[in-house]
Amino acid sequence: MKILVLGGAGYIGSHTVYALIEQGYDVAVADSLQTGHRTAVHPEACFHKGDVRDRAFMDGVLQREAPDAVIHFAANSLVGESMLEPLKYYDNNVGGTCALLASMAEQGVRRIVFSSTAAVYGEPERIPICEKDRTIPTNPYGETKLAMERMFHWADVAHGIKFVSLRYFNACGAHMSGCIGEAHAPETHLIPIVLQVPNGQRAAVNVFGTDYETRDGTCVRDYIHVTDLAKAHILAVQYLAAGGESNVFNLGNGVGFTVREIIRAAERVTGEMIPTIDAPRRPGDPAQLVASGERARSVLGWQPQFVEVEEIIASAWRWHSAHPDGFSDR
């Protein structure tokens, strides 16, 4: 089976490409390299550099590769940035998906798996979050991802493009081989930021918001190992290939950790003290996001392999301690 991975040079995309190739899939990658890394792409994957918003580019890639399915990671994904530059997020995320779906409809590609987010729920009404809970995003990032999901629905109605939307929140960890991992510039994700302290790259970690209604006043998040996320995307492709109807799935361990708990776990993994600085809340940050993964388990057969937070952080630490500056192409 031939799979086209959009955004396959990015963090979750590159891990999914590795997992696909490890399972014997024929894989092509399309990425603008705006935030991705060429050296993160598996050497056996055919690479196309270009922007998903470029209709001519997408038409050409779909014609050349004729994929059986598309996995779509190509989007801007920073909550804080989205609050400052909402139009950038609508242009890239919503506009890019519109161009992609138009190209898929014309080229006859009828299956897509979409990397969505628990941010579509906004401030949740209950924990853990279920797929049928209300969706009221509190930031433009979540709003654009929700708009993309609705676009998939109507593309299915009009063109028969079947989709699976996978909603997850804090991807973390690194490939167990240590060959690829997380590298953003600037870095905004908690675990790599925390690990910059024992790596000698920062003196302390800012804790944004210490007055939330949580057990220690800091935000609670559900942390999912990137390899488990990659496996879920492959299972979703298999589900669609077997004739599955369009669907939405949460990906979560169902267990949340506070910011301070993550920092303490990182101290245990690295054996180093990690100083913190209390800072004001960031706009758009919900207090808790913990997603139930029961539907994904029952329908897709997805079962997370990495559920211990210290094991997840340890895999990240192996990558970051060996590659403090990330990939060689940055």
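Rules and cut-offs
- Residues numbered from 1 in each chain as written.
- Predicted model: local features only at pLDDT ≥ 70, side-chain atom pairs only at ≥ 80, totals over all residues.
- Heavy atoms only, no water.
- Helix = DSSP H or I, 4+ residues; strand = E, 2+ residues; numbered from the N terminus.
- Buried < 20%, exposed > 50% of the residue type's maximum accessible area, 1.4 Å probe, protein only.
- Lys, Arg positive; Asp, Glu negative; His and termini not counted.
- Salt bridge = Lys/Arg side-chain N within 4 Å of Asp/Glu carboxyl O.
- Contact = heavy atoms within 4.5 Å.
- Polar contact = N/O pair within 3.5 Å; in protein donor to acceptor, adjacent residues only side chain to side chain.
- Pairing = 2+ DSSP bridges.
- Axes fitted to C-alpha atoms, helices over the stretch in contact; angles between N-to-C directions.
- Parallel < 35°, antiparallel > 145°, perpendicular 65-115°, else oblique.
- Left-handed = near helix turned anticlockwise from the far one by under 90°.

Colleague: Help me get a handle on the side chain of D228, residues and values and all.
Modeller: Looking at the element boundaries, D228 is found in helix 7 (residues 226-241). At 4.7 Å, K231 is the nearest oppositely charged side chain to D228, a buried residue that forms no salt bridge. D228 has contacts with W302, Q303, P304, Q305 and F306, leaving out every residue within four places of it along the chain.

Colleague: So what's going on with the environment of G293? Residues and values would help.
Modeller: Here G293 shows up in the loop between strand 14 (288-289) and helix 9 (294-300). As for G293 and Q303, which are separated by 10 residues in sequence, their C-alpha atoms are 8.8 Å apart. In contact with G293, not counting residues within four places along its chain, are N250, G252 and W302.

Colleague: Tell me about helix 2 (residues 55-65), and name the residues and values.
Modeller: Looking at helix 2, one finds that the buried residues are F57, M58, D59, G60, V61, L62 and E65. Contact partners of the buried residues in helix 2: strand 1 (2-6), strand 2 (26-31), strand 3 (46-49), strand 4 (69-72) and helix 4 (86-107). The distance from a side-chain oxygen at the start of helix 2 to the backbone nitrogen of A56 is 3.1 Å, and the residue carrying that oxygen is D54. One or two steps after helix 2, the chain reaches A66, where phi turns positive at roughly 45 degrees.

Colleague: Can you tell me about the sheet that holds strand 12 (residues 257-258), naming the residues and giving the values?
Modeller: Two strands in a sheet stick together by hydrogen bonds in their backbones, pointing the same way (parallel) or opposite ways (antiparallel). Spatial ordering of the open sheet is given by 12-9-14, a layout of three strands whose pairing is mixed. A strand with exactly one partner marks an edge of an open sheet, and here the two such strands are strand 12 and strand 14. In terms of strand pairing, strand 9 (residues 220-221) meets strand 14 through two bridges, oriented parallel. Each bridged residue has a counterpart across the sheet, and for R221 the counterpart in strand 14 is L289.

Colleague: For unusual backbone geometry, give the residues involved together with the corresponding values.
Modeller: Each neighbour pair has its own omega, and for I127 with P128 the value is 0 degrees, a cis peptide bond. Even without being glycine, L33 reaches a positive phi, approximately 65 degrees. Structurally, the position occupied by L33 is in the loop between strand 2 and strand 3. The backbone phi angle of A66 is positive, close to 45 degrees, even though this residue is not glycine.

Colleague: Account for the packing of helix 4 against helix 5 (residues 140-159), with residues named and values stated.
Modeller: With their axes 9 Å apart at the nearest point, helix 4 and helix 5 run at an angle of 15 degrees to one another. On the basis of their axis angle, the class for helix 4 and helix 5 is roughly parallel. Seen from above, helix 4 lies across helix 5 with right-handed handedness. Touching P86, Y89, Y90, N93, V94, T97, C98, L101 and A105 of helix 4 are P140, Y141, E143, T144, A147, M148, M151, F152, A155 and H159, all from helix 5.

Colleague: Give me the pattern of salt bridges: which residues, what numbers.
Modeller: Counted under the stated rule, the structure contains 18 salt bridges. Its salt-bridge partner being D133, residue R126 comes within 2.7 Å of it at the nearest N-O pair. Accessibility expressed as a relative area gives 7% for D133, which makes it buried. The partner of D278 in a salt bridge is R260, with the nearest N and O atoms 3.0 Å apart. Taken together, the residues D278 in strand 13 (residues 276-279) and R260 in helix 8 (residues 259-270) connect sequence positions 18 residues apart.

Treat this as a map of the structure, not an account of what it does.
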